[in-house]
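Here are the chains, one letter per residue:
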Amino acid sequence: MKKIFFIFWILLFSTNNLFSETNKLTTEEDILNIYKSVVKIDSIIPPEARTAQSLGTVRGGNGVVIDDKHILTIGYIVVEAETITITLPDGKKFPGELIGYDHTTGFGILRTIIQSNLTPLKIGDSDQLTKEDFLYVLPYLTEGRPSAVKMVSRRSFAGWWEYFLDKPIYTYPANSSFAGSALINEYGEVLGIGSLYVGDAAATGISSPGNMFVPINDLKPILDDLIQNGRRTKDIKPYMGLTSSDNTGQVKITRVNDNGPAAKAGFSVNDTILAVNNEKINNIEDFYKVVWSFGGPGTKLQFDIERNQEKLNIELTTMDRNDFFVKPKYY
C-alpha cells in the first residue's frame, strides 16, 4: 500500500496537480484500481525458434487485462514461446498461452490456462489523443517505476524486421520498463501498448529519448480475429524473410533468415535492392509499401538487385509470417 501511495504522488505532482474533472484519476484508490489490471509476463522460447537469435530465449515484460479472459501485450515477448507465466496483481502466478499474434501491429493476446479472476481496463480511442493530454506508463510494480509522459509525435515507423506502423504514438520522457506496458490516459483508458525505446521521440534526428507505443485503435479491427482464429484473416502482409537497412541511402540486406523465402530465392547479405516489379526502391518504407502493394502471402515478386557491382534479377515468392514461426508446445 505504501508503494501505491508513493506512486500516486509521483504521478500527481508530475502533472502539475491539474486533475479536477469527474472520472479522472484523482485518488490513491484510482491508481490502485488501475494496477488491478496490470500483469507481469515471463516466457521461455525454444532455441530452435526463428526469433531466438534476435530476441533471446528468456523474455519478460508487462501486459494489461482488456476483458474478463484476455490480456494484451506486445507480441515479441511471447511469440514462439513454449512456456508463458503470467503474474497477476496479487502476486499469484498462472501458466498462460498465446492465443493470438499479429505481426503487422505487433500485438499479442494471452489468456491464463487455469481460470483466474481478471479485472479489465476500458479500451480508449487513440485517434483522439492530443499533445495536451496527460498520459501514464504503468509497468507491473516489481518491473519498473510508473511515469507521467506526453505524446510528442505520431509519425510513421519502419523497422528492419519487415514491420511498419503508420501512426504509432511517441512519448517523452522514456520509461525503461516499456515492453508490453499500457499507455493510460487520465480516465484510466488504454491508448497503446509499449513496443520500443527510441532516441528521437519528438522528431527524426532530434535527441529526445522516449518510447514508441502501438495505438490501441490498431487492435480494434482485428481483436475478434486474434481471439477466434489466432491471427488476422484480412490484409495479411506478405513475408520475405530478410532484414534490411537504408542507412547508406540505399536499401541493403543485412540478414537473410534461414529457410525463409529470401534464402530460398538466393538473396545474400549486402545485396542492394534497386527495384521490385520494376518499381524503384529508395528506402525501407518504400520497400515495404511496394512489396505489399502487389498482394498477400504467396505473391511472386521480381527483384532487381546489385551484388558485387553486378546487376541481377531474382524471383521471390512471399509467405505468411505466422506459418514461418515455430509452433508452441503448451502444457
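Residues numbered from 1 in each chain as written. Predicted model: local features only at pLDDT ≥ 70, side-chain atom pairs only at ≥ 80, totals over all residues. Heavy atoms only, no water.

(A) Looking closely at the layout of surface pockets. Considering only enclosed or pocket space, the largest pocket measures out at about 630 Å³ in volume. Along its surface, the largest pocket is lined by 29 residues, and T51, S54, L55, W161 and R321 are the ones closest to its centre. Secondary structure elements with two or more residues in the lining of the largest pocket: α3 (52–55), β14 (189–198), β17 (242–245) and β18 (251–256). The element that contributes the greatest number of residues to the lining of the largest pocket is α3, accounting for 3 residues. Broken down by class, the residue content of the lining of the largest pocket amounts to 15 nonpolar, 9 polar and 5 charged. Taken together, 18 residues make up the lining of the second largest pocket; nearest its centre are F157, A158, G159, D246 and I284. Of all the secondary structure elements, the ones that give two or more residues to the lining of the second largest pocket are β10 (157–159), β17 and α6 (284–293). The element that contributes the greatest number of residues to the lining of the second largest pocket is β10, accounting for 3 residues. (1 Å grid on protein atoms, 1.4 Å probe; cavity = no way out; pocket = protein on both sides within 12 Å on 5 of 7 lines; lining within 4 Å. Points joined across faces, edges and corners; volume = space filled by probe spheres on them. Helix = DSSP H or I, 4+ residues; strand = E, 2+ residues; numbered from the N terminus. Nonpolar A, V, L, I, M, F, W, Y, C, P; charged D, E, K, R; others polar.)

(B) Seen up close, unusual backbone geometry. The step from Y172 to P173 runs through a cis peptide bond, and the omega angle for that step is 0°. Considering the arrangement of structural elements, one finds P173 in the loop between β12 (169–172) and β13 (182–185). Even without a glycine there, the phi angle at E80 is positive, about 70°. Looking at the secondary structure, you find E80 in the loop between β3 (71–74) and β4 (83–87). Backbone geometry at N277 places phi at a positive 50°, although glycine is not the residue there.

(C) Representation of empty space enclosed by the protein within the structure. Enumeration over the complete set of coordinates arrives at 2 cavities of 30 Å³ or more. Put simply, the largest cavity is a space of about 190 Å³. In terms of lining residues, the largest cavity is bounded by 17 residues, among which H103, T104, I236, K237 and R321 are the most central. At the level of elements, β11 (163–165) and β16 (238–239) are the ones that each hand at least two residues to the lining of the largest cavity. Of the residues belonging to the lining of the largest cavity, the class tally is 7 nonpolar, 3 polar and 7 charged.

(D) Just the nonpolar core, in detail. Membership of the largest hydrophobic core comes to 59 residues, with the highest contact counts inside it found for L72 and L219. Setting aside residues up to four positions removed in sequence, L219 forms contacts with I66, L72, F107, I109 and L226. Formed by 22 residues, the second largest nonpolar core is a distinct cluster that contains I253, V256, I273 and L316. (Core = buried A, V, L, I, M, F, W, Y, C linked by side-chain atoms within 4.5 Å. Buried < 20%, exposed > 50% of the residue type's maximum accessible area, 1.4 Å probe, protein only. Contact = heavy atoms within 4.5 Å.)

(E) Highlighting the packing of aromatic side chains. What the rule picks out here adds up to 10 aromatic pairs. Ring plane angle 70° and centroid distance 5.7 Å describe the contact between Y101 and F325, whose orientation is recorded as edge-to-face. Of this pair, Y101 sits in strand β5 (residues 93–101) while F325 is found in the segment after β23 (319–320), placing the two residues 224 residues apart along the sequence. On the basis of relative accessible area, F325 is assigned to the buried category, the value being 10%. (Phe/Tyr/Trp six-rings, centres within 6.5 Å; stacked < 30°, edge-to-face > 60°.)

(F) Spotlight on the pairing of β5. Burial runs high along β5: 8 of the 9 residues are buried. Judged from the 4 bridges that link them, β4 and β5 form a sheet pairing that is antiparallel. Within β5, the position partnered with I86 by the bridge is F94. Direction of pairing for β5 relative to strand β6 (residues 107–112): antiparallel, over a ladder of 5 bridges. The residue of β6 that forms the bridge with Y101 is G108. Taken together, β5 and the strand that follows it, β6, pair antiparallel across an intervening segment of 5 residues, in which G106 is found at a positive phi of about 100°. (Pairing = 2+ DSSP bridges.)

(G) How the structure looks around helix α2 (residues 28–35). The complete set of buried residues in α2 reads I31, I34 and Y35. Viewed along the axis of α2, the buried residues span an arc of 100°, placing them on a single side of the element. (Arc of directions from axis to C-beta.)

(H) Region of the structure containing the pattern of salt bridges. Scanning the model with the defined rule gives 12 salt bridges in all. Close ionic contact of R111 with E97 constitutes a salt bridge, the shortest N to O distance being 2.9 Å. Residue R111 is located in strand β6, and its partner E97 is located in strand β5; the two are separated by 14 residues in the primary sequence. Note on R111: relative accessible area 34%, which makes it partly exposed. (Salt bridge = Lys/Arg side-chain N within 4 Å of Asp/Glu carboxyl O.)

That's the geometry; what it means functionally is another story.
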